[in-house]
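Next come the chains, spelled out residue by residue.
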Amino acid sequence: MATPIASNFTRLTAADLLKFKRYLVENVSRSMEDELLQLGDRDEVIKQRLNDAYVQTKVTLPEDIRKQIFKEIFDEMTGFGPIQPLLDDPEVSEVMVNGPKKVFVEKGGKLTKSGVTFDDDDHVARIIDRIILPLGRRVDADSPAVDARLPDGSRVNAVIRPVSIDGPCITIRKFKKDKLSAQDLVKFGSLTNNMADFIRACVIAHLNIVVSGGTGSGKTTLLNVLSSFIPEEERIITIEDAAELQLQQDHVLRLETKTANIDGKGIVTIRDLVRNSLRMRPDRIVVGECRGGETLDMLQAMNTGHDGSLTTLHANTPRDAISRMETMVLMAGMDLPLKVVRQQISSAVDLIIQQTRLKDGSRKVTAVTEVVGMEGDTVVLTDVFKFEQTGVGPDNKIKGELKATGIRPLFSPRLEAAGIKLSADIFMPPGGLGLGSRR
C-alpha cells in the first residue's frame, strides 16, 4: 500500500503528521484483527507491529518526533489517548476535557489548563467509546450522557451532542490508589485528632451519619475513612452509582446501579438496591450518595433497626442538608406532611459531618453537627466541632482553626454503652469558653 505522505519530513505539516499517525493506527489495528492476546503480549505486539508499519512507509522522522508519535499511538491503542499521561500523573486529581483543544486538570485543589490536546471531536468520541464499551454502556443521540468508571476505579462522566453544544466532553475524577486514613486527613489539616477520635467513636457505636458537602469537596474520601472504622466482624453492604468505595473489611458486599438497556428496560436504581439490601441481613448499609427518593428508604432503614448506616448528599451546610433530605424524601412520591418528614429525619440521623472545599482549594471538615431532635416544627442541630475562618494569608491560603464548641452531644450515653469513653477534653474549646449553641 502506498504511503500517505511524502518521505521528506522537512515538508511535513501538522496535518501531514496527523494523517501519518492515523495511517499507522489503521495499519496496526488491521494487522491485529481477530488475534486473541494476553495483556502483556498485546503491548509487545503493538510495539512490534507499529515499528514494522513505520519501517514500511520509508518515512524518516526526527527521533524526538518519531518517539512522540509512537507514544501517542501506543496510548491510543492501550490506554486513553492524549489524556493517558494525565491519568498516570499521581498529582492530578481530576481531568476535564471541554473539547479537543481544551483539557484542564486539577492539581492540589487548583484548576489549570494542560498542554494536552486531541486531534478533533471524533478523537474525543473514540476515547469515550474506549472507556464505556467494555462496560456495556452506550452513548448516542438518544442517550447523550453516560457515567462509567475506568479499570482502576476512577469515575467518568461523558457527554456528547446534542446535550453538549461544543462537542464531546469528558470529566474524570481520579481514583486514589493509596487509601487515605484518618491520620492522613489530620496531617492534611482536614480534621483534628480530637475530631477523628470522636467520629471513630460515633461509627463504632452505630450512629447514623450523613456526610454533607459540595461537588468535589471530598465526601467520598471522608466516607471511605468513616467506613474504615466499622468493625471487621460486621456485614457491610455498599450501594453506589459507580463503585468507588475502598473498604478493607473482609465481609463486604458491593452493589452498583444498572442503566436501562437499548429498549429502555432493565434499569436498577439506588432506591431498588436500598430496598433489596434490607433483605440481605446487613449490619451496615453504606450508600455512596442519596439523590432522590431512596432517601426515604434510607431513613426508614435507619429508623427500623439498621443503625450505623452511612451516606453522603450534596449540601453546603448541615442546615441545608436537612432541607435537602426533606426535598428528596418528597421525591419518593409519598404524600407526607412536612412535619412528619422532619420527624423521620430527626429520629433517624444522629450526626451530620460537613465537608467543604475552601476557596484556596483545600478540603476540610467545617462542622460536625448533632441532630438533637424536634422543637415544634423545627429540627434542632448542635455543632460539636466547627471551623472558624480568621482570614486569608498572602498566598491566598485560608487561615482558620478547627475547634470544639464546648457542647457535649446528647448521644454521649450511647457511646459509653458501646464501651467507648471519650475524655471531656475532646469537647473543650480553646480557653474553655463554649462556642456553640442549639439551633
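Residues numbered from 1 in each chain as written. Predicted model: local features only at pLDDT ≥ 70, side-chain atom pairs only at ≥ 80, totals over all residues. Heavy atoms only, no water.

### Here's the deal with the packing of helix H3 (residues 63–78) against helix H5 (residues 121–132)
So, point 1. Where H3 meets H5, the axes come as close as 10 Å, and the angle between the chain directions of the two elements is 40°. Our classification of the angle between H3 and H5 gives oblique. Contacts between H3 and H5 involve Glu 76, Met 77 and Thr 78 from the first element and His 123, Arg 126, Ile 127 and Arg 130 from the second. (Axes fitted to C-alpha atoms, helices over the stretch in contact; angles between N-to-C directions. Helix = DSSP H or I, 4+ residues; strand = E, 2+ residues; numbered from the N terminus. Parallel < 35°, antiparallel > 145°, perpendicular 65-115°, else oblique. Contact = heavy atoms within 4.5 Å.)

### Quick look at the pairing of strand E11 (residues 310–314)
So, point 1. With 4 of its 5 residues buried, E11 lies for the most part within the structure.
So, point 2. Where strand E10 (residues 284–287) and E11 come together, 2 bridges link them in parallel fashion. From the neighbouring strand, Val 286 faces E11, where its bridge partner is Leu 310. (Buried < 20%, exposed > 50% of the residue type's maximum accessible area, 1.4 Å probe, protein only. Pairing = 2+ DSSP bridges.)

### Brief notes about the sheet that holds E11
Two pairing modes exist for strands in a sheet, parallel and antiparallel, and in both the strands are linked by backbone hydrogen bonds.
So, point 1. Taken together, the 9 strands give an open sheet; going across it, the order is E9-E8-E10-E11-E7-E12-E13-E14-E15, and neighbouring strands pair in mixed fashion. Each edge of the open sheet carries a strand with a single partner, namely strand E9 (252–256) and strand E15 (398–404). Looking at each pair of strands side by side, their axes are set apart by 25° on average, direction ignored.
So, point 2. Bridge analysis of strand E14 (residues 378–392) against E15 gives 7 bridges, and the strand direction is antiparallel. Paired with Glu 388 across the two strands is Glu 401, which belongs to E15.
So, point 3. Across the sheet, helix H8 (residues 219–228) is in contact with strand E7 (209–213), E10, E11, strand E12 (351–357) and strand E13 (363–375); its angle to E11 comes to roughly 165°.

### Comments concerning the nonpolar core
So, point 1. Core analysis: the largest hydrophobic core is formed by 44 residues, its most contacted members being Phe 198, Ile 209, Ile 353, Val 368 and Leu 415.
So, point 2. If you list the elements that add at least two residues to this core, you get helix H6 (182–188), helix H7 (193–204), E7, H8, E12, E13, E14 and E15.
So, point 3. Top contributing element to this core by residue count: H7, with 7 residues.
So, point 4. In this structure, Val 341, Ala 348, Val 349 and Ile 352 belong to the second largest nonpolar core, which totals 32 residues. (Core = buried A, V, L, I, M, F, W, Y, C linked by side-chain atoms within 4.5 Å.)

### Regarding the side chain of Arg 66
So, point 1. Tracing the backbone shows Arg 66 in helix H3.
So, point 2. Leave out the neighbours within four places in its chain, and Arg 66 touches Tyr 54 and Leu 61.

### What to know about the environment of Ile 204
So, point 1. Secondary-structure assignment places Ile 204 in helix H7.
So, point 2. Residues Ile 204 and Phe 229 lie 25 residues apart in sequence; the distance between their C-alpha atoms is 6.6 Å.
So, point 3. Apart from residues no more than four positions distant in its own chain, Ile 204 is found in contact with Phe 229, Arg 284 and Ile 420.

### Concerning the confidence of the model for the chain
So, point 1. Averaged over every residue, the pLDDT of the chain is 88; residues scoring 70 or more account for 93%.
So, point 2. In this model, residues 1–9 is a region of pLDDT below 50 whose contacts with residues beyond four sequence positions or in other chains number 22 contacts. (pLDDT = per-residue confidence, 0-100.)

### Describing the pattern of salt bridges
So, point 1. Inspection of the entire model under this criterion finds 26 salt bridges.
So, point 2. A salt bridge links Arg 357 to Glu 106; the nearest nitrogen and oxygen atoms lie 2.9 Å apart. Note that Arg 357 is positioned in strand E12 and Glu 106 in strand E2 (residues 103–107), a separation of 251 residues in sequence.
So, point 3. By relative accessible area, Arg 357 is classed as partly exposed at 32%.
So, point 4. The closest approach of N and O atoms between Glu 234 and Arg 284, which form a salt bridge, is 2.7 Å. Highlighted residues: Glu 234 in the loop between H8 and strand E8 (236–240) and Arg 284 in strand E10, separated in sequence by 50 residues. Neither Glu 234 nor Arg 284 differs from the other in exposure class; each is buried. (Salt bridge = Lys/Arg side-chain N within 4 Å of Asp/Glu carboxyl O.)

### A look at the packing of aromatic side chains
So, point 1. Under the definition given, this model contains 5 aromatic pairs.
So, point 2. Taking the centre distance of 5.5 Å and the plane angle of 90° together, the rings of Tyr 54 and Phe 70 count as edge-to-face. Here Phe 70 lies in helix H3 and Tyr 54 lies in helix H2 (residues 39–57), a separation of 16 residues in the sequence. Each of the two residues, Tyr 54 as well as Phe 70, counts as buried.
So, point 3. Measuring from ring centre to ring centre gives 6.0 Å for Phe 198 and Phe 411, while their planes differ by 20°; the resulting arrangement is stacked. With Phe 198 in helix H7 and Phe 411 in the loop between E15 and helix H13 (412–417), the pair connects residues that are 213 residues apart, well separated along the chain. Of the two residues, Phe 198 and Phe 411, both sit in the buried class.
So, point 4. One aromatic cluster in this structure is built from Phe 198, Phe 385, Phe 411 and Phe 427.
So, point 5. Over the ring of Phe 74 we find Lys 47; its NZ or CZ atom is 5.2 Å from the centre of that ring. (Phe/Tyr/Trp six-rings, centres within 6.5 Å; stacked < 30°, edge-to-face > 60°. Lys NZ or Arg CZ within 6 Å of the ring centre and 35° of its normal.)

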